[in-house]
Each structure stands twice: as structure tokens, then as C-alpha cells.
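# Residue-level structure breakdown
Now for the letters of each chain:
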Amino acid sequence: MESQRKYPKYFSFEFFPPKNEAGEEKLRNTRETLAQLNPCLFSVTFGAGGSTRERTFDTVTEIKQQSHIDVAPHLSCISSTVEGIREILNRYIDQGIRYLVALRGDIPSGMGSPGEFHYANQLVEFIRKETGDHFHIEVAAYPEFHPQAPDAGTDLNNFKRKVEAGADGAMTQYFYNPDAYFRFVESCEKMGLDLPIVPGIMPITNFTQLARFSDICGAEIPRWIRKRLEAYGEDMESLRRFGVEVTTKLCRDLLEGGAPGLHFYTLNNAEPTVEIWNNLGIVSETRV
Ligand code: FAD
């Protein structure tokens, strides 16, 4: 973990592009609240198979124009053509965007062909070839390993491909066991990978939703957390309090262990993130 301590602490908040006017208003309020915490970066997700291509673009450009915080669009390449990716990169360059989260993404079930890119390392390579050093590129990392990876070693080697293709940093899938993250970083150090790997943090506010996400993305909810969340049933206030407590401790353990920041999956809600942030007493002064 020692390699991670040399990086300036880097805090970012992830949003998804809203579907309607009410969602847009909610996101505006959320990002204005979160901007007061002075994070390094906001990021905006990209729907599977390009389904939110325009909404992601619109959300990113609105944030760019209205906020003092830098913003990174997520860009996934599966189901895309070379020309389609080139076009969106140029549109982001025209808007003055300097940060990207480059992903493979997933093909929505029953939809479309894989397109001209098969893995995120190919996307990173393409972005570097087309745009040189214009973008700061973040990629995804999986401390508990990607659900489709045949084994841990193969997944680590595939992570290495993205770094060698030109990634500047990584943000992880969420997890609740800090040892998974520490071991992942140690494996990266042994492979000679030298980049900040920022843990992804999913605040806990809704057990059903969390269980569904976790089944899809392969993130493990430790049994003791799952059992307690189940036991709260409809008592959402107790569940929320327990979630904040567990996630605060996770963040504290990670930062004390040397993690170079935190990436919060906000799900467009400010409150849980603000509460965790205040518990941690973070003062963010850095920029990427
Ligand atoms: P890759 O790095 O390409 O890995 C995918 C799988 O293929 C892994 O099993 C890997 O081991 C294997 N692999 C990788 N490269 C190779 C290779 N060259 N040869 C053979 N096998 C290989 N999804 C969205 O749809 N939109 C988003 O906005 C979004 N944002 C995310 C943000 C973060 C921080 C994270 C952690 C995930 C995000 N995801 C998002 C989810 C992500 O798209 C999925 O997890 C997807 O299944 C994998 O994307 P990847 O970029 O990690 O893929």
C-alpha cells in the first residue's frame, strides 16, 4: 500500500444522467450541495450500450458550464463503432472536457453486437492514439475481481493492459471488505503498476437495491452486514444510520491504510455522502 501514499488525496462524486425534468432538478440540487465539499471531480455515467449517450453529454456540459468542479464523462465502448467514439471524443474536446472514465461497459441482454471494441484497454489505447495527452483517463478496477474474469490472476493482467494502454488512474468497484482493496493494490505494486487506485464507495440506504446491484456487479456484501440490513426490514431510519456508520468506518480504514482518496457512488443523493464526509472530517483542497 505504500505506493499509494505518495498521491495527493483525490475525492470524486459520481452521478447518473437524469431521465426527466424532476430528475434534472434533483441532480442540480445534489451537485450544488456536494460542490460545497470541494471535491476534485464529478463524474457522469454512460448507460449500457450507449443508451444515455446524449443525456450523459448534456449532463456533463451543464455541469461544466455551471459548476466550478471539473467533470468527467464515463464512456463505454462495447456496442460502439470507431467513428462513434471518435465523434464523442471530439465533442467533449470542443466542450473543454479534460477528464474521462474509460470503460468497456456491458451489452444489455438481448441487444446488439459487441461493436468494434471488445475491452476497455482497446478504448484507452484508441483515446491516446486519437487525442494524445488531452484527457486524464480513469479506468475501472475490481478488488473482488470482475464477475466475468476466469480467475484473479487473469483479471489482474487485464487490469495491467489498461494501465499500459495509458490510464492515469483507477476507480474501483464498490466493496465493504477493505482487505480486498489492500490486497488488490499490493498485487498491482508487485506487477510494477504505478497509478492511484481510488476506492469506490457505495453508501447504504436501501437493502433491496444494494443486493440487486451487488448480484449484478459481483460486489460482496459481507454476511454480517447483509443479516443486519435484512433485520431492519421497513425501519429505513435505523438502516440508514447503520449504513452511514459502516461506510464511515470503511472509508476511515481505507484512508488510514493509505488509499489516495474516495470515489462516491452518490446515486444522485447528497445526504448519505455528506454525512459520511462530515464524519470523516475531510478537508479537500486538491485538484487532479
Ligand atoms: P474491461 O477492463 O474490459 O474488463 C471486462 C472483463 O474482460 C474483465 O473480466 C476482464 O478481466 C476481461 N478483459 C479485459 N481486457 C481483456 C482482454 N484484452 N482480453 C481478454 N479479456 C479481457 N458501466 C456502464 O455501463 N456505464 C458506466 O458509466 C459505468 N461506470 C463505472 C464506473 C466504475 C468506477 C466502475 C468500477 C464500473 C463502471 N461500470 C459502468 C461498470 C463496467 O462497465 C462493467 O463492470 C463492465 O462489465 C466492465 O467494464 P471494464 O471497463 O472494467 O471492462
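For the structure itself, consult the block above.
Report follows, based on the coordinates.

## As for the pattern of salt bridges
- Considering all chains together, one arrives at 19 salt bridges under this definition.
- The partner of E237 in a salt bridge is R240, with the nearest N and O atoms 3.0 Å apart. One end of the pair, E237, and the other, R240, are both in helix α9 (residues 236–256), three residues apart, so they sit about a helical turn from each other.
- Taking relative accessible area as the criterion, R240 reaches 25% and is therefore assigned partly exposed.
- One salt bridge connects R240 with E275, and the closest N-O pair in it is separated by 2.6 Å. Residue R240 is found in helix α9, and its partner E275 is found in helix α10 (residues 271–280); the two are separated by 35 residues along the sequence.
- Of the residues examined, E275 reaches a relative accessible area of 28% and is grouped as partly exposed.
- Where salt bridges share partners, they join E24, E25, R28, R31 and E62 into one cluster.

## Some thoughts on the site of the ligand
- Surrounding the ligand, one finds 24 residues, the nearest of these being F46, D106, Y142, D155 and K162.
- H74 has a polar side-chain atom sitting 3.0 Å from a nitrogen atom of the ligand.
- G105 places a polar main-chain atom, nitrogen or oxygen, 3.2 Å from an oxygen atom of the ligand.
- Coverage of the ligand by the protein chains reaches 87% of its 970 Å² of free accessible surface.
- Those elements that provide at least two residues to the shell around the ligand are α4 (120–131), α5 (152–165) and β6 (169–174).
- For the shell around the ligand, the leading source of residues is α5, giving four residues.
- Of the residues contributing to the shell around the ligand, the split by class is ten nonpolar, nine polar and five charged.

## A short note on the side chain of S12
- Position of S12 among the secondary structure elements: in strand β1 (residues 10–15).
- In contact with S12, not counting residues within four places along its chain, are L41, M171, L262, H263 and F264.

## Some details on the packing of aromatic side chains
- The tally for this structure, following the rule as stated, stands at 14 aromatic pairs.
- An aromatic cluster is built from F11, F13, F15, F42, F264 and W277, whose rings are joined through pairwise contacts.
- The ring of F57 has R91 sitting right over it, with the charged end atom 4.0 Å from the ring centre.

## A closer look at the layout of surface pockets
- Of the voids in this model, the second largest pocket is the one considered here, and its volume is about 190 Å³.
- Within the residue set of the lining of the second largest pocket, elements represented by two or more residues are α8 (223–232) and α9.
- If one sorts the elements of the lining of the second largest pocket by residue count, α9 sits on top with six residues.
- The residue makeup of the lining of the second largest pocket, split by class, is seven nonpolar, no polar and three charged.

Parameters at a glance
- In this numbering scheme, every chain counts its residues from 1 along its sequence in written order.
- Reporting of local features is limited, given that this is a predicted model, to residues whose pLDDT is at least 70; pairs of side-chain atoms are given and counted only at 80 or more, and all residues count toward the totals for whole chains, interfaces and linings.
- Think of the side-chain values as coming from all heavy atoms in the structure, minus any hydrogens and water.
- Should a side-chain nitrogen of Lys or Arg be within 4 Å of a carboxyl oxygen of Asp or Glu, the pair is scored as a salt bridge.
- Numbered from the N terminus, helices here are DSSP runs of H or I no shorter than four residues, and strands are runs of E no shorter than two.
- Any residue under 20% of the maximum accessible area for its type is buried, any over 50% is exposed, and the rest in between are partly exposed; the area is computed with a 1.4 Å probe on protein chains only.
- Being near a molecule or strand, for a residue, comes down to having at least one heavy atom within 4 Å of it.
- Two N or O atoms form a polar contact when they lie within 3.5 Å of each other; inside protein one atom must be a possible hydrogen donor and the other a possible acceptor, and for residues adjacent in sequence the pair counts only when both atoms belong to side chains.
- Throughout, the Shrake-Rupley method with a 1.4 Å probe supplies accessible areas, and for residues the shown protein chains are the sole cover considered.
- Following the grouping adopted for this structure description, the nonpolar residues are Ala, Val, Leu, Ile, Met, Phe, Trp, Tyr, Cys and Pro, the charged ones are Asp, Glu, Lys and Arg, and the polar ones are all others, Gly among them.
- Only heavy atoms matter for contacts: two residues are in contact if any of them lie within 4.5 Å across the pair.
- Only centres within 6.5 Å qualify two rings of Phe, Tyr or Trp (six-membered ring in Trp) as a pair; their planes then separate them into stacked at under 30 degrees, edge-to-face at over 60, and tilted for everything else.
- Charge-over-ring placement is defined geometrically: NZ (Lys) or CZ (Arg) within 6 Å of the ring centre, and within 35 degrees of the ring normal.
- Grid points spaced at 1 Å and placed over the protein atoms alone form the basis of the search, with a cavity being a set where a 1.4 Å probe fits but cannot get out and a pocket an open set showing protein on both sides within 12 Å along at least five of seven lines. Lining residues have an atom within 4 Å of a point.
- Grid points are joined across faces, edges and corners, and a volume is the space filled by probe spheres set on the points.

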